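Fold and geometry: a report
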Amino acid sequence: MHESGGEEVAGKGVRVSAEEKERAVFMWGYLPGASPQGAPLLLPTPVPKPTPEDSWKDVCPGGCGFAMAISESGKLNTWGSTENMGQSYVTAGKHEETPEPYPLQNDAPILKAGAGWAHCVAVTDSGEVYTWGWKECVPTGKLVVDQALKGVMEKDLNQGTRDKTPAFLQTDISEGKIASVSPKSQAIHSVSRSSSGTTSSQEYKGSEEGSKRRRLSTQKQASESSSSNEESFSALPCLVTLSPGVRIASVAAGGRHTLALSVSDIGQVWGWGYGGEGQLGLGFRIRTVSSPHPIACIETSSYCKDKSTAGLRGNITSDMQFHKVPGSYVTAIACGGRHSLVLTDAGALLTFGWGQYGQCGQGSTDDELSPAFVSSLSGVQIQGLAAGLWHTMCISSTGEVYAFGGNQFGQLGTGVDQAETRPRLLDATSLENKHVKMISCGARHTAIITEDAKVFCWGWNKYGQLGSGDAIDRSIPSQVPLDHLYLPTNIACGWWHTLLLTQVPH
């Protein structure tokens, strides 16, 4: 959220004193419990205050079938879910039209929160982290054993994989506590790419087949590791155990993994959950990391003294010499469906995880098992980042938008349905002379706020998540109709919905 003192422009020349504003939240898209018969909300719709005495402080990204926002009193409020929504109800509770505080163990004020497909994570004002939902996303202090793959790990160890494995995991691997698929990306399809790094929609047929197989495999794993009992499927909110003295500033939730960024040790990134495509940045594939582990992102991290650590990755030449990633520490994090993003203080973007649609921006469709600098953005200072199910978006310090990854529904905003394996600068006419200051991604759609208080959305629109009044997909940025009296201050996309925080004069 960007705030400043003095006066701010709200829409068409209306000036609003910073001392004379109250916040309002609007929603649109698919929130089944928030509208009659679960119909999609096609236009921005006001969200009721949690109580007459309380107001809104921030909106939160994520959530499959439910929404989250933080009130001024520090309560995490959820709404939109119903009992027949399965994992949404288990994760968020039956909070329908009216936002209700989610019952956490203590009354510590919540500062930030996010949700994945079926899990949530929240940070308190004291830097503690709570998480709940899918059990594989909730730390247990133990690493999941997959006996079917134990032999593969032992073979890798005998062939020297141990030398590339972080020290804190070596003992667990040798004892069979970690299940790794392979230290190398296993491609299940072949996609031809042009010299510009694009993948045509025709070539997506193979990719979609591969994606389907992965989904089936994931569903099979989930059914094998979880019973039909909802208690086994979902965990209640629990306090995440971190190293002594670690204080978390922000969190991000992916499909089945979580990242946390601490401020107590100069921007260290922590990760846990599912890591089968490298989204935990450990240098190899792992089914589940059930306790938070540090992810080595840049050379100067206090956990990265040894350059041979598997997670340490910038640009690596043929003689394996390490080239330092620009920056001294991480300032921001984001999670996609199965990939992750981190941003350094120098504006350098690093990506890791699933790369089937080019969402890691490295010019290929390979998975990235360790944090890798997006070198094609060298010279561009990135200040904002967001990740969807299959795509990645970022904004520069000059307010320009870069996009890469999957584009089946126009979620990149390029005007076509081609994937981009390298960052592409958006040159949409609707954004001409616009400076973007905020960005968020849903599963297959994107939303931004510009400096002149305009809101634009594009991508998948089956459930009205673009706020355009219809259910038509858009492949270029489309302005969301909003009363000019409301000044947009933050935007957060859920999987199938969008939330907008605004300020309005009394």
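Placed above this text is the structure.
This section reports on the structure supplied with the text. (Residues numbered from 1 in each chain as written. Predicted model: local features only at pLDDT ≥ 70, side-chain atom pairs only at ≥ 80, totals over all residues. Heavy atoms only, no water.)

Points about the pairing of strand β14 (residues 248-253)
Across the 6 residues of β14, 5 count as buried, placing the element largely inside the fold. Taken together, the 5 bridges between β14 and strand β15 (residues 257-262) define a ladder with antiparallel strand orientation. Looking at the pairing, Ala253 lines up with Thr258 of β15. Between β14 and β15, which pair antiparallel in sequence order, lie 3 residues. (Buried < 20%, exposed > 50% of the residue type's maximum accessible area, 1.4 Å probe, protein only. Helix = DSSP H or I, 4+ residues; strand = E, 2+ residues; numbered from the N terminus. Pairing = 2+ DSSP bridges.)

Side note on the environment of Leu377
Relative to the helices and strands, Leu377 is located in the loop between β23 (368-373) and β24 (382-387). For Leu377, a relative accessible area of 4% gives the class buried. Counting along the chain gives 29 residues from Leu377 to Ala348, while the straight-line C-alpha distance between them is 7.7 Å.

Observations concerning the pattern of salt bridges
Under the definition given, this model contains 9 salt bridges. With a shortest N-O distance of 2.9 Å, Arg285 and Asp367 are connected by a salt bridge. With Arg285 in the loop between β16 (269-275) and β17 (286-295) and Asp367 in the loop between β22 (349-353) and β23, this pair connects stretches of sequence that are 82 residues apart. Considered together, Arg285 and Asp367 belong to a single accessibility category, that of buried residues. Its salt-bridge partner being Lys434, residue Asp452 comes within 2.6 Å of it at the nearest N-O pair. Taken together, the positions of Asp452 in the loop between β29 (445-450) and β30 (455-459) and Lys434 in the loop between β27 (419-425) and β28 (436-441) put the pair 18 residues apart, joining distant regions of the chain. (Salt bridge = Lys/Arg side-chain N within 4 Å of Asp/Glu carboxyl O.)

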